[in-house]
Amino acid sequence: MSTVTRFAPSPTGYLHIGGLRTALFSWLTAKHNNGKFLLRIEDTDMARNSEEAKDAILKAFEWVGMSHDGEVVYQSKRFDLYKTYIDQLLEEGKAYKCYMSKEELAALREEQMAKKERTRYDGRYRDFTGTPPEGIAPVIRIKAPQEGRISFVDGVKGEFSVDAKEVDDFVIARADGSPTYNFVVAIDDALMGLTDVIRGDDHLYNTPKQIVVYNALGFKIPNFYHVAMINNEQGKKLSKRDGATDVMEYKTMGYLPEALLNFLVRLGWSHGDQEIFSLEEMINLFDPNDINKSSSNYNLDKLLWLNAHYIKNTSNEKLAEMLKDFGVDIAGHDKLEMLLDATKERGKTLVELSNQINLILHAPKAYDEKAVKKAFKGDAKAILTDFIAMLQTWEKPLHLPSDCHAVMEKLVADKEIGFGKIGMPLRVSLLGSMTGAGMDEVMAILGVDETITRIERAVTTIE
RNA sequence: GACCCUUUCAUCUAGUGGCCAAGGAUAUUACGUUUUCAACGUAAAAACAGAGGUUCAAAUCCUUUAGGGGUCGCCA
């Protein structure tokens with residue numbers, strides 16, 4: 001039987017970084033087995049759903065390049081289907097109408113809390129045959145087993161079992177007739193042919209309930225994998241205050257999808273000492289049975305490192321394309337290769353990279369104050385002036401970084417000075433700051449004319 | 001409150017009774033390289049939550065305490 005996995009978000013907000021990891025694990029499991037990865041939108045709660053949220057989730061998937069197989073399934077369009085199963089269970093006596101009011105239920109819970117018990121429905125209408133109370137629209141509850149244990153083997157946690165007494169006759173249809181979560185999830189997972197359900201371990205307790213549904217309907221129970229949550233660096237639940245939780249924010253911040261996926265796959269999963277995984281390697285090596293039991297903390301440092309790695313290893317052509325989103329359009333630039341070669345090791349994100357490039361592309365509007373103090377002193381002015389003269393009279397071509405380097409070398413030799421004497425003032429003249437790309441590269445990219453223009457302008461500011 | 005899950009360097013992790021006086025990666029620090037900043041290279045520092053057991057031998061098995069997380073809806 002071929003593997004089928006799924007991701008099933010409810011469209012109430014953006015795609016969360018934790019959700020993306022769970023989705024990644026599911027996606028990898030499907031790809032590893034040449035199976036299918038399905039997407040289902042859990043929109044049974046009409047009040048909280050939004051179209052925008054759904055689109056945002058789909059967009060995030062598109063960005064990271066995790067495509068789903070087949071059509072997206074919307075639970076909101078399947079109410080008729082769920083209804084037939086509710087009727088079936090009612091007819092077979094596996095579910096029943098419960099006329100307990102919300103007030104009565106609340107009172108019962110309070111009573112149980114007071115007695116320090118786990119709260120649960122007491123089954124008072126399970127075998128009810130009398131006359132139903134007036135004015136109460138009943139909910140439908142499923143008959144859960146009353147004794148024994150409900151158990152299953154979780155691919156991550158291992159053997160998991162709860163006392164049947166812990167699982168009450170939960171509601172499968174509300175008073176208005178709409179089906180509830182645990183009911184529809186079980187039905188959809190079964191009908192969509194899921195073989196492996198990978199989800200957050202906040203669903204661990206839902207699983208016994210869903211197993212009740214599987215059994216009542218005679219469905220085959222899939223493998224379950226409950227993945228521990230991602231916490232913040234302090235080990236607390238990840239919230240907006242901890243930085244970006246929306247997947248698309250990472251695009252804005254200049255992260256590459258490969259880096260983000262590589263980062264996420266290593267949260268709760270590993271393969272020996274390996275840190276860098278291409279998509280292909282992940283697919284080949286991933287096995288949901290290897291997922292770690294414990295929750296992991298979210299730490300941006302490693303993501304930044306990975307991102308730098310992927311930027312360095314991305315083709316210049318592709319980088320140029322991506323940089324368009326960051327206000328840098330160099331796709332047609334004749335020195336594109338040189339420009340990116342000179343900068344891509346200096347940018348950990350596309351934002352930083354675009355800053356590096358802009359530094360070269362645009363003549364400095366102002367010179368960094370500290371840099372001026374350090375570089376434009378002593379005989380800096382004279383050296384720069386000599387350098388201009390040298391450039392103007394240079395007879396060989398000055399196209400390559402090595403060509404430009406030769407000029408500096410000559411100057412250093414002639415004047416019997418260190419490289420720093422020319423390097424530092426030159427750097428400030430060309431870029432306005434003490435940091436940044438190598439001078440040889442910058443000069444080659446700018447060309448002789450622009451190089452001279454920038455130096456001349458700088459010289460006039462030195463008194 | 002009840003029930004469940006979990007616990008190796010600051011962080012992600014390797015580790016399935018002897019190969020572990022615990023390995024890798026990130027971050028940190030130092031040094032090297034460099035005209036600068038990065039990148040890169042070398043090195044340093046850094047952990048088995050605590051307490052009891054079992055065993056010739058325990059990070060690994062058992063008990064227990066503590067920390068963290070989750071669940072207890074006519075939400076998903």
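Refer to the preceding data block for the structure.
None of the values given here were measured: they were computed from a predicted structure.

## A look at the overall build of chain A
Okay, so step 1: Counting its regular elements, chain A contains 18 helices and twelve strands.
Okay, so step 2: Rg of the C-alpha trace for chain A: 32 Å, well past the compact-globule value of 23 Å for 463 residues, more than 25% over.
Okay, so step 3: With respect to the principal axes defined by its C-alpha atoms, chain A has extents near 110 × 45 × 35 Å.
Okay, so step 4: In chain A, which comprises 463 residues, the proportion classed as buried is 49%.
Okay, so step 5: When the accessible surface of chain A is summed, it comes to about 23100 Å², and 49% of that surface belongs to carbon and sulfur atoms.
Okay, so step 6: One way to put it: in chain A the 58 positive side-chain charges average out to a point 4 Å from where the 70 negative ones average out.

## Here we look at the protein's contact with RNA strand B
Okay, so step 1: The immediate surroundings of RNA strand B are formed by 62 residues, with Arg 109, Arg 174, Tyr 205, Gly 268 and Arg 346 found nearest.
Okay, so step 2: Counting only the atoms of RNA strand B that lie within 4 Å of the protein, the sugar and phosphate share comes to 71%.
Okay, so step 3: Within the side chain of Arg 109, an N or O atom sits 2.4 Å from a phosphate oxygen of RNA strand B.
Okay, so step 4: Looking at side-chain class alone, the surface near RNA strand B contains 16 nonpolar, 19 polar and 27 charged residues.

## Here we look at the sheet that holds strand S1 (residues 4-7)
Backbone-to-backbone hydrogen bonds pair the strands of a sheet. The strands run either parallel or antiparallel.
Okay, so step 1: One open sheet holds the three strands; their spatial order is S1-S2-S3, and the pairing between them is parallel. In the strand order of this sheet, the two ends are held by S1 and strand S3 (73-74), each with one partner.
Okay, so step 2: Bridging between S1 and strand S2 (residues 36-41) involves four bridges; their strand directions are parallel. Looking at the pairing, Arg 6 lines up with Leu 38 of S2.
Okay, so step 3: Relative to S1, helix H1 (residues 17-32) is tilted by about 165°, and along the sheet it contacts S1 and S2.

## Notes on the side chain of Arg 6
Okay, so step 1: Along the polypeptide, Arg 6 turns up in strand S1.
Okay, so step 2: Within the local environment of Arg 6, its side chain forms a polar contact with the side chain of Asp 189, the two groups lying 2.8 Å apart.

## Digging into the packing of helix H16 (residues 401-415) against helix H18 (residues 439-461)
Okay, so step 1: Interhelical geometry of H16 versus H18 gives an angle of 115° and a closest axis separation of 8 Å. Looking at the two axes, H16 sits roughly perpendicular to H18. The two elements H16 and H18 cross, and the hand of that crossing is right-handed. Contacts between H16 and H18 involve Pro 401, Cys 404, His 405 and Met 408 from the first element and Met 439, Asp 440, Glu 441, Met 443 and Ala 444 from the second.

## With respect to the packing of aromatic side chains
How two aromatic rings sit relative to each other is given by the distance of their centres and the angle of their planes.
Okay, so step 1: Per the stated rule, a full pass over the model turns up 16 aromatic pairs.
Okay, so step 2: Relative to Phe 128, the ring of Tyr 99 lies with its centre 6.4 Å away and its plane at 55°, an arrangement referred to as tilted. Here the residue Tyr 99 occupies a position in the loop between strand S4 (95-98) and helix H4 (102-114), and Phe 128 occupies one in the loop between H4 and strand S5 (139-142), the gap between them amounting to 29 residues.
Okay, so step 3: Taken together, Phe 25, Trp 269, Phe 277 and Phe 286 form an aromatic cluster joined through their ring pairs.
Okay, so step 4: The ring of Tyr 121 carries Arg 141 above its face, with NZ or CZ at 3.5 Å from the centroid.

## Side note on the packing of H16 against helix H17 (residues 419-431)
Any two packed helices are characterised by how steeply their axes cross, that is the angle between the axes, and by the distance between the axes.
Okay, so step 1: Running from N to C, H16 and H17 cross one another at 130°; their axes reach a closest spacing of 9 Å. With respect to each other, H16 and H17 are oriented oblique. H16 and H17 meet at a crossing whose hand is right-handed. Residues His 405, Met 408, Glu 409, Leu 411 and Val 412 of H16 form the contact with H17, whose participating residues are Phe 419, Ile 422, Gly 423 and Leu 426.

## What to know about the layout of surface pockets
Over the atoms rolls a probe the size of a water molecule, and its path tells where empty space is left.
Okay, so step 1: Approximately 1100 Å³ is the volume found for the largest pocket.
Okay, so step 2: Along its surface, the largest pocket is lined by 38 residues, and Ser 10, His 16, Gly 19, Asp 202 and His 203 are the ones closest to its centre.
Okay, so step 3: At the level of secondary structure, the elements contributing two or more residues to the lining of the largest pocket comprise S1, H1, strand S9 (196-200) and strand S11 (230-231).
Okay, so step 4: For the lining of the largest pocket, the leading source of residues is H1, giving four residues.
Okay, so step 5: Tallied by class, residues from the lining of the largest pocket come to 13 nonpolar, 15 polar and ten charged.
Okay, so step 6: Quantified by volume, the second largest pocket comes out at close to 250 Å³.
Okay, so step 7: As for the second largest pocket, its lining consists of Cys 98, Met 100, Ser 101, Lys 102, Leu 105, Ile 136, Ala 137, Val 139, Arg 141, Val 171, Arg 174 and Ala 175.
Okay, so step 8: Counted by class, the lining of the second largest pocket contains eight nonpolar, one polar and three charged residues.

Each value, and the rule that gives it
Residues numbered from 1 in each chain as written. Chains lettered and ligands numbered in written order. Predicted model: local features only at pLDDT ≥ 70, side-chain atom pairs only at ≥ 80, totals over all residues. Heavy atoms only, no water. Helix = DSSP H or I, 4+ residues; strand = E, 2+ residues; numbered from the N terminus. Rg over C-alpha atoms; globule rule 2.2 N^0.38 Å. Buried < 20%, exposed > 50% of the residue type's maximum accessible area, 1.4 Å probe, protein only. Areas by Shrake-Rupley, 256 points an atom, 1.4 Å probe, with all protein chains shown as cover. Lys, Arg positive; Asp, Glu negative; His and termini not counted. Charge placed at Lys NZ, Arg CZ, Asp CG, Glu CD. Near = heavy atom within 4 Å. Polar contact = N/O pair within 3.5 Å; in protein donor to acceptor, adjacent residues only side chain to side chain. Nonpolar A, V, L, I, M, F, W, Y, C, P; charged D, E, K, R; others polar. Pairing = 2+ DSSP bridges. Contact = heavy atoms within 4.5 Å. Axes fitted to C-alpha atoms, helices over the stretch in contact; angles between N-to-C directions. Parallel < 35°, antiparallel > 145°, perpendicular 65-115°, else oblique. Left-handed = near helix turned anticlockwise from the far one by under 90°. Phe/Tyr/Trp six-rings, centres within 6.5 Å; stacked < 30°, edge-to-face > 60°. Lys NZ or Arg CZ within 6 Å of the ring centre and 35° of its normal. 1 Å grid on protein atoms, 1.4 Å probe; cavity = no way out; pocket = protein on both sides within 12 Å on 5 of 7 lines; lining within 4 Å. Points joined across faces, edges and corners; volume = space filled by probe spheres on them.

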